[in-house]
Amino acid sequence: MSAVAALAPWLGGALLVSGVAVGVSRRRELLVRWCAWAVGVPVVTAAFWWGRPGITLLAAVVAVVAVLEFGALTRLPRADRAVLAAAVTGLIVAAASAPEQVWRVGAVGVLALVAVPLAAGDAEDGLRRLGTGLLGLVSLGVLAALAPLGALGLALFAAVSVADVVAYFAGPRLGGPRLSPLSPAKRWSGTLCGAAAGLAVLALLSAWSWPAAVAVAVGGPAGDLVESLVKRGAGAKDSGRWLAGAGGLLDRIDSLVGALAVVVVLG
């Protein structure tokens, strides 16, 4: 809790400064996005302040909403979505309360995802359903790392958020080669500027480590591209429309998911 308390003033200050900048710009789309952040940042910070129970609850809610968006994008049947949501939530709860059981819970989740198309006897679409479900479990299951990481998870959230914003503004202005055909609007120049800004945030929040730095600089952009791959396959621009100025929740956590995956791998 003390570590989160040390981060809270920085997050509040960043929100205030960005609000002034948005007000000066007088751009409506930026104001709408800032309002969403003005609600989201205090909620996320309060959950981390609460400690492991708050982080677990936040991660579970985020996971369920993300699974619903992912399922809608990939046209998963409702049964598959329900099993995937239960599997990801089970991983989050296990990581927070019984870390030694995480692999067992993950294995049960995989078996459950395999069982759904098998039980339905889906010869035409069963393989796609299974592959999509496993991709959802692997990608969204890393949210289980949030509770064990504690304040570092909050620092990663802040760093990848700043990196995304800087990349969004710097790329079109600096130009240069495109990052990937999966996301034509993104440029290498913006990605590199965003990575530098994210690393600066880690240093400012005293959360610097090599795994965290690689997570922000490499994992964040990679997570964004993975979601772009899913959206391209679905023929969709956003993962949803309910989040003001930002599409869906997946559009906001894709970089965090990528960063968490790198932290899990690098330990």
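A brief look at the structure comes next. If you're wondering where the values come from, they're calculated on a predicted model, not measured in any experiment.

Further remarks concern the environment of Val230. Note on placement: Val230 falls in helix H10 (residues 210–234). Using a relative accessible area of 14% as the deciding quantity, one classes Val230 as buried. As a C-alpha pair, Val230 and Leu73 span 157 residues in sequence and 7.4 Å in three-dimensional space.

The end-to-end C-alpha distance of helix H9 (residues 188–204), which contains 17 residues, comes to 24 Å, matching closely the 24 Å that a straight helix rising 1.5 Å per residue would cover. By the burial criterion, the buried members of H9 are Ser189, Gly190, Thr191, Gly194, Ala195, Ala197, Gly198, Val201 and Leu202. Among the structural elements, helix H8 (151–174), strand S1 (178–180), strand S2 (183–187) and H10 are those in contact with the buried residues of H9. The first or second residue beyond H9 is Ser206, which carries a positive phi of 55°.

So, on to the nonpolar core. One finds Phe48, Leu84, Val88, Leu143, Leu154, Leu156 and Leu260 to be the most contacted residues of the largest nonpolar core, which totals 58 residues. Residue contacts for Leu84: discarding those within four places in its chain leaves Val67, Phe70, Leu76, Leu113, Gly133, Gly136 and Leu137.

What follows is about the packing of helix H4 (residues 78–97) against helix H6 (residues 126–141). Packing of H4 against H6 brings their axes to within 10 Å, and their N-to-C directions diverge by 25°. Considered as vectors, H4 and H6 are oriented roughly parallel to each other. The two elements H4 and H6 cross, and the hand of that crossing is right-handed. Of H6, the residues touching H4 (which contributes Asp80, Leu84, Ala87, Val88 and Leu91) are Arg129, Gly133, Gly136, Leu137, Leu140 and Gly141. Taken together, the residues of the contact of H4 with H6 break down into six nonpolar, three polar and two charged.

Attention shifts here to the packing of aromatic side chains. Considering all chains together, one arrives at two aromatic pairs under this definition. On the numbers, 5.1 Å between centres and 90° between planes, the contact of Tyr168 with Phe169 is edge-to-face. What makes Phe169 partly exposed here is its relative accessible area of 26%. For the ring pair Trp208 and Trp210, a centre distance of 5.6 Å and an interplane angle of 65° mean the geometry is edge-to-face.

Examined against the element boundaries, Gly126 turns out to sit in helix H6. Residue classification places Gly126 among the buried residues on the basis of a relative accessible area of 9%. Put simply, Gly126 and Val114 are 12 residues apart on the chain and 9.1 Å apart in space, counted from C-alpha to C-alpha.

Thresholds applied
Residues numbered from 1 in each chain as written. Predicted model: local features only at pLDDT ≥ 70, side-chain atom pairs only at ≥ 80, totals over all residues. Heavy atoms only, no water. Helix = DSSP H or I, 4+ residues; strand = E, 2+ residues; numbered from the N terminus. Buried < 20%, exposed > 50% of the residue type's maximum accessible area, 1.4 Å probe, protein only. Expected span 1.5 Å × (residues − 1). Contact = heavy atoms within 4.5 Å. Core = buried A, V, L, I, M, F, W, Y, C linked by side-chain atoms within 4.5 Å. Axes fitted to C-alpha atoms, helices over the stretch in contact; angles between N-to-C directions. Parallel < 35°, antiparallel > 145°, perpendicular 65-115°, else oblique. Left-handed = near helix turned anticlockwise from the far one by under 90°. Nonpolar A, V, L, I, M, F, W, Y, C, P; charged D, E, K, R; others polar. Phe/Tyr/Trp six-rings, centres within 6.5 Å; stacked < 30°, edge-to-face > 60°.

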